[in-house]
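Observations on the model geometry
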Amino acid sequence: MQGGRLIARQLDGTRVVVRTPFDTRDVLLHQFPDTFSVPRRFEKHMMVVADLANGDEGAIADAVTSAWRLQTEPD
């Protein structure tokens, strides 16, 4: 959490939910379909689920970095 806002949170042993704008989420889902997904319960939220066990490590790291930057930008 940064400033009281979610950046990333572990869901289970192999998955992490990452905060992301909807347009970025769409790009991640398209470019890395084996890494990112959006379960039904997160469809209306600015979040994407990353598969740590089988996903692209660089794409996941970039998504977490982008989430941190999103939360640290001034309003």
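First, a word on scope: everything that follows refers to the structure included in this document. (Residues numbered from 1 in each chain as written. Predicted model: local features only at pLDDT ≥ 70, side-chain atom pairs only at ≥ 80, totals over all residues. Heavy atoms only, no water.)

**Some words on the environment of Leu52**
Counted only if it meets this: What counts as a helix is a DSSP run of H or I of at least four residues, what counts as a strand is a run of E of at least two, and both are numbered from the N terminus. Any residue under 20% of the maximum accessible area for its type is buried, any over 50% is exposed, and the rest in between are partly exposed; the area is computed with a 1.4 Å probe on protein chains only. By definition in these notes, contact holds between two residues if any of their heavy atoms fall within 4.5 Å.
With respect to the element layout, Leu52 can be found in the loop between strand E4 (47-51) and helix H2 (57-72). You can call Leu52 partly exposed: its relative accessible area is 42%. For the pair Leu52 and Arg15, spaced 37 residues apart in sequence, the C-alpha to C-alpha distance is 5.6 Å. Not counting the four nearest positions on each side in its chain, Leu52 is found in contact with Thr14, Val16 and Ile60.

**Some thoughts on the side chain of Asp51**
Selection criterion: Only four residue types enter the tally: Lys and Arg on the positive side, Asp and Glu on the negative side, with His and both chain ends excluded. Salt bridge, as used here: a side-chain nitrogen of Lys or Arg that lies within 4 Å of a carboxyl oxygen of Asp or Glu. What qualifies as a polar contact is a pair of N or O atoms within 3.5 Å, subject to a donor-acceptor requirement within protein and to the restriction that residues adjacent in sequence count only when both atoms come from side chains.
Looking at the element boundaries, Asp51 is found in strand E4. Here Asp51 occupies a buried position and makes no salt bridge, while the nearest side chain of opposite charge, Arg15, is found at 7.3 Å. One polar contact links the side chain of Asp51 to the main-chain amide nitrogen of Ala53, over a distance of 3.0 Å. Side-chain polar atoms of Asp51 contact the backbone nitrogen of Asn54, separated by 3.1 Å. If sequence neighbours within four positions are ignored, Asp51 has contacts with Thr14, Asp34, Thr35 and Ile60.

**Some thoughts on the side chain of Thr20**
Within the secondary structure layout, Thr20 lies in the loop between strand E2 (15-19) and helix H1 (22-31). Setting aside anything within four residues of it in sequence, one finds Thr20 in contact with Arg25, Leu28, Met46, Met47 and Val48.

**Things to note about H2**
Selection rule: An expected span of 1.5 Å times one less than the residue number is assigned to each helix.
Along its 16 residues, H2 runs 23 Å from first to last C-alpha, staying within 8% of the 22 Å computed at 1.5 Å per residue. For H2, the elements touching its buried residues are E2, H1, strand E3 (36-37) and E4. Measuring from the backbone nitrogen of Gly58 back to the side-chain oxygen at the start of H2 gives 3.0 Å, which picks out Asp56 as the cap.

**Examining the sheet that holds E3**
Just so we agree on the cut-off: A pair of strands is labelled paired if DSSP reports no fewer than 2 bridges between them. Fitted lines through C-alpha atoms serve as axes, helices being fitted only where they are in contact, and the angles separating the N-to-C directions of these axes extend from 0 to 180 degrees.
Read from one edge to the other, the open sheet built from four strands follows the order E1-E2-E4-E3, with strand pairing classed as antiparallel. The open sheet has two edge strands, strand E1 (8-10) and E3, and neither has a second partner. Bridging between E3 and E4 involves two bridges; their strand directions are antiparallel. Residue pairing across strands places Phe36 opposite Ala50, the latter belonging to E4. The strands touched by H1 within the sheet are E3 and E4, with E4 carrying the most contacts at an inclination of about 30°. Contacting E2, E3 and E4, H2 crosses the sheet at an angle of about 35° to E2.

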